[in-house]
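These are the residues of each chain, in order.
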Amino acid sequence: MLLNGIYLKERWLTVSEERLREAIDTLKDSGVRITPQRHAVLEYLLNAMVHPTADEIYKALEGKFPNMSVATVYNNLRVLKEIGLVRELTYGDSSSRFDCNTSDHYHIICDSCGKIVDFHYPSLDEVESLAEQVTGFDVSHHRLEVYGKCDGCQKLPAQKH
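Attention in this report is confined to the structure presented alongside it. (Residues numbered from 1 in each chain as written. Predicted model: local features only at pLDDT ≥ 70, side-chain atom pairs only at ≥ 80, totals over all residues. Heavy atoms only, no water.)

**Considering the nonpolar core**
The condition is simple: Residue types Ala, Val, Leu, Ile, Met, Phe, Trp, Tyr and Cys, when buried and joined through side-chain atoms within 4.5 Å, form a set referred to as a nonpolar core. Each residue is assigned to one of three classes by its accessible area relative to the maximum for its type, calculated with a 1.4 Å probe on protein chains only: buried under 20%, partly exposed between the two thresholds, exposed over 50%. Helix and strand definitions here come from DSSP, where helices need a minimum of 4 consecutive H or I residues and strands a minimum of 2 consecutive E residues; each element is numbered from the N-terminal end. Between two residues, a contact is recorded if the distance between any of their heavy atoms is within 4.5 Å.
Ranked by size, the top nonpolar core spans 24 residues in total, and within it L42, L45, L77 and L80 carry the most contacts. Going through the elements one at a time, helix 1 (15-29), helix 2 (36-47), helix 3 (54-61) and helix 4 (70-82) are the ones with two or more residues in this core. A per-element tally of this core places helix 2 first, with five residues. Excluding anything up to four places from it in sequence, L42 contacts L20, A23, I24, L27, L80 and C100.

**Structural notes on the pattern of salt bridges**
Where charged atoms from two side chains of opposite charge come close, those side chains can pair. The condition that has to hold: Salt-bridge detection follows one rule: a side-chain nitrogen of Lys or Arg within 4 Å of a carboxyl oxygen of Asp or Glu.
In the structure shown here, the tally under the stated rule is six salt bridges. For R21, the salt bridge identified is with E18, shortest N-O distance 2.5 Å. Here E18 and R21 lie together in helix 1, a separation of three residues that amounts to about one turn. For R21, a relative accessible area of 38% corresponds to the partly exposed category. Under the relative-accessibility criterion, E18 is labelled partly exposed at 24%.

**Some remarks on the pairing of strand 5 (residues 106-110)**
In regular strands, side chains alternate between the two faces of the sheet. What counts is decided by this rule: Following DSSP output, two strands are said to pair if at least two bridges run between them.
The buried count for strand 5 comes to four of five residues, which makes it a mostly enclosed element. Of the strand pairs in this sheet, strand 5 and strand 6 (residues 116-119) are connected by four bridges, and their pairing is antiparallel. Each bridged residue has a counterpart across the sheet, and for I109 the counterpart in strand 6 is I116. In this antiparallel pair of consecutive strands, strand 5 and strand 6, the connection spans five residues, and G114 shows a positive phi of 85 degrees. In the sheet, strand 5 pairs with strand 7 (residues 145-148) via four bridges, with the strands oriented parallel. Bridge pairing in strand 7 links C110 to G148.

As structure tokens, then:
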């Protein structure tokens, strides 16, 4: 692009770069320091196509940050969760998984390998309203999980017991 006789290189942000910029703005607005480790955890989550555990995040980043501990990852996830940039997904006794998509959506989970995939469907708000009417609870939220076997596990030969 030519502006005042100077060629400017146009640079369009990718969706993940735009999401990272918005998340960093949210951190700044919340008064949270943006450390290199916090930036890396956030960037990893925003680019992750899966819902990683804290240990998976640590293993992915330990080469870049050899002095970073698992506790640092957990502390950063806690901060990101507190300001609404990350959602923690808990499933019974297994490790928590973390989701950077904080919009209303559901999940489908593989019974075999544990893979979690986002599943977008119109929000079932009427379920919350009905639950309040029937039970007298003050409903705060709901979560829908669909279970099955992912493509990869379907292609594996059945194991004999």
